[in-house]
Amino acid sequence: MEKKSLLKKYLEFNVLYKILIGLVIGAVAGIILASSGVTALPAWISMFGTIFTRLLKMIIIPMILGSLVVGASSVSPANVGKVGIRVVIIYLITSAFGVIIGLLMGNIFQPHAELAAVTELAADAAGKTAETNVWEVISNIIPTSVLKSLVDETVLQVIFFALLFGLCLSFMKVSDDERIRRISNTSFEVFDCLTEIMLKIVAGIMQYAPIGVAVLICEVFAKNGAKVAGALLTVTIACFLGYAIHIVFVYGGLLKIYKIKIGTFFKEARLPFITAFVTRSSNGTLPTTMAAAENLGVDKEVYGFSLPLGATINMDGTAIYQGVCTFFLVMSVFGRALTMGEMGMIVLLATLASIGTAGVPGAGAIMLAMVMQGINLPIEAGTVLAGAYAMILGIDAILDMGRTALNVTGDLTCTCCIAKKLGFIREDSALK
Ligand code: ASP
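All chains use their own residue numbering, which begins from 1 and follows the written sequence. Given that the model is predicted, a residue must reach a pLDDT of at least 70 before its local features are reported, and side-chain atom pairs must reach 80 or more before they are shown or counted; all residues, however, enter totals for whole chains, interfaces and linings. Only hydrogens and water are set aside when side-chain values are computed; all heavy atoms of the structure are taken into account.

## Let's talk about the overall build of the protein
Phase 1 of the analysis: What the protein contains, in helices and strands, is 18 helices and 0 strands.
Phase 2 of the analysis: Out of the 432 residues belonging to the protein, those deemed buried represent 53%.
Phase 3 of the analysis: For the protein, long-range pairs separated by at least 24 residues make up 85% of all intrachain contacts whose partners lie at least 6 apart in sequence.
Phase 4 of the analysis: Surface exposure of the protein reaches about 18,900 Å², of which carbon and sulfur atoms provide 68%. Labels follow the DSSP assignment, with helices taken as runs of H or I lasting at least four residues and strands as runs of E lasting at least two, numbered in each case from the N terminus. For every residue, the accessible area obtained with a 1.4 Å probe (protein chains only) is divided by the maximum for its type, and the residue is called buried under 20%, exposed over 50%, and partly exposed between those limits. Residue contacts follow a heavy-atom distance rule, with two residues in contact if any of their heavy atoms lie within 4.5 Å. Residue burial considers only the protein chains on display, and all accessible areas are found by Shrake-Rupley using a 1.4 Å probe.

## What about unusual backbone geometry?
Phase 1 of the analysis: Phi angles above zero are rare outside glycine, and Lys259 is one such case at about 55°.
Phase 2 of the analysis: With respect to the element layout, Lys259 can be found in the loop between α10 (230-257) and α11 (262-279).
Phase 3 of the analysis: In this structure, Arg280 is a non-glycine residue whose phi angle is positive, near 55°.
Phase 4 of the analysis: Tracing the backbone through its elements, the reader meets Arg280 in the loop between α11 and α12 (282-295).

## Section: the side chain of Asp411
Phase 1 of the analysis: Tracing the chain through its elements places Asp411 in helix α18 (residues 396-422).
Phase 2 of the analysis: Positive charge is attributed to Lys and Arg, negative charge to Asp and Glu, and no charge count is given to His or to the chain ends. Salt bridge, as applied in this entry: a Lys or Arg side-chain nitrogen positioned within 4 Å of an Asp or Glu carboxyl oxygen. Arg403 provides the closest opposite charge to the buried, salt-bridge-free Asp411, at an N-O distance of 13 Å.
Phase 3 of the analysis: The term polar contact refers here to a pair of N or O atoms within 3.5 Å; inside protein, the definition further demands a hydrogen-donor-capable atom paired with an acceptor-capable atom, and it admits residues adjacent in sequence only when both atoms are side-chain atoms. Separated by 3.0 Å, the side chains of Asp411 and Asn314 make a polar contact.
Phase 4 of the analysis: Apart from residues lying up to four places away in sequence, Asp411 is in contact with Tyr91, Leu307, Gly310, Ala311 and Asn314.

Have a look at this one:
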């Protein structure tokens, strides 16, 4: 009886606070473990963290498929062009700003490492290098087999298909033919139901999140405790300062331009921000971001389309991270700063890379390898560059927390601005 009431109390306690408490407990435990020389948790404890990441991964594909089909088919055909084009443009522009801020941070902080000591890590890093180039990333967006892209969890391909599917559905829903209207409404309900089921599952996962988060954070701190010093600390500071500058100037500026009260916005953006910080997944945070947009009074027609899209293609934090880290890699390996030409190329590549980065933990690190390849500095096994890349991978979890929080805040900022601009907000909206 007593146990049941404890569980009830737990379930009723605010999720946000529970996750934060999990974060603090995990971090403190990790630091204590690291200082006493324990770098790995026993497998049975580590399992609680793994369960959490697996649960998040489990819902990604059905969530994207359901929410994008529903989102795209909810936009009336007349608005698809109007909303869609603006959303994509604002996403691209803010991501490009992100890379520029990242490069600026790189130039100011000049993060670099003494690499002789890290070359033994080279082999490890090489295995994680993505064998892709920009043009391949673009053409690979189109799946050759839809089923294969679902099974292989190729997120961009699933997005492409879901958008196409949803857009066709939106046209069919207003067809003159009664039969087409009827069957498309039935299809819409199936996907709407799929999305609702996923949201229910996510609500359950969030109740488990504090435990999963505590274990994951504990592992990060136990493993990196001592090593996160020096050069990596500089990389971390440069990234986080870049994230902060982006929030203040780019998002603050956008909110000001569109006359949205910053306080009102951040009151609702807080929960997705923190959820993204601890889950390191834009896709996993999607339901929370959607709830925030709903609370801010944005029409579902806009956020149901722009947020799932943003969770995959709008990655401002990832873009900043690419700027800082490419600088770190070149500076560490070649002992020189980036040239103007390289920086220009990195802005282009990293903006594209942030589109191709799936909204899941650690995806940005793989895209970093693609950007390096794009500036003709491929990360090859056994090279010093691979060693430097491995160092970045070592602290990726920490960098990923900040960049994901920014990615999600960017989706919500752009969505609110476009919605306000085009009048897709409710009468009682706080954005008015
Ligand atoms: N974890 C990030 C996200 O979900 C992607 C990345 O690794 O940069 O938005």
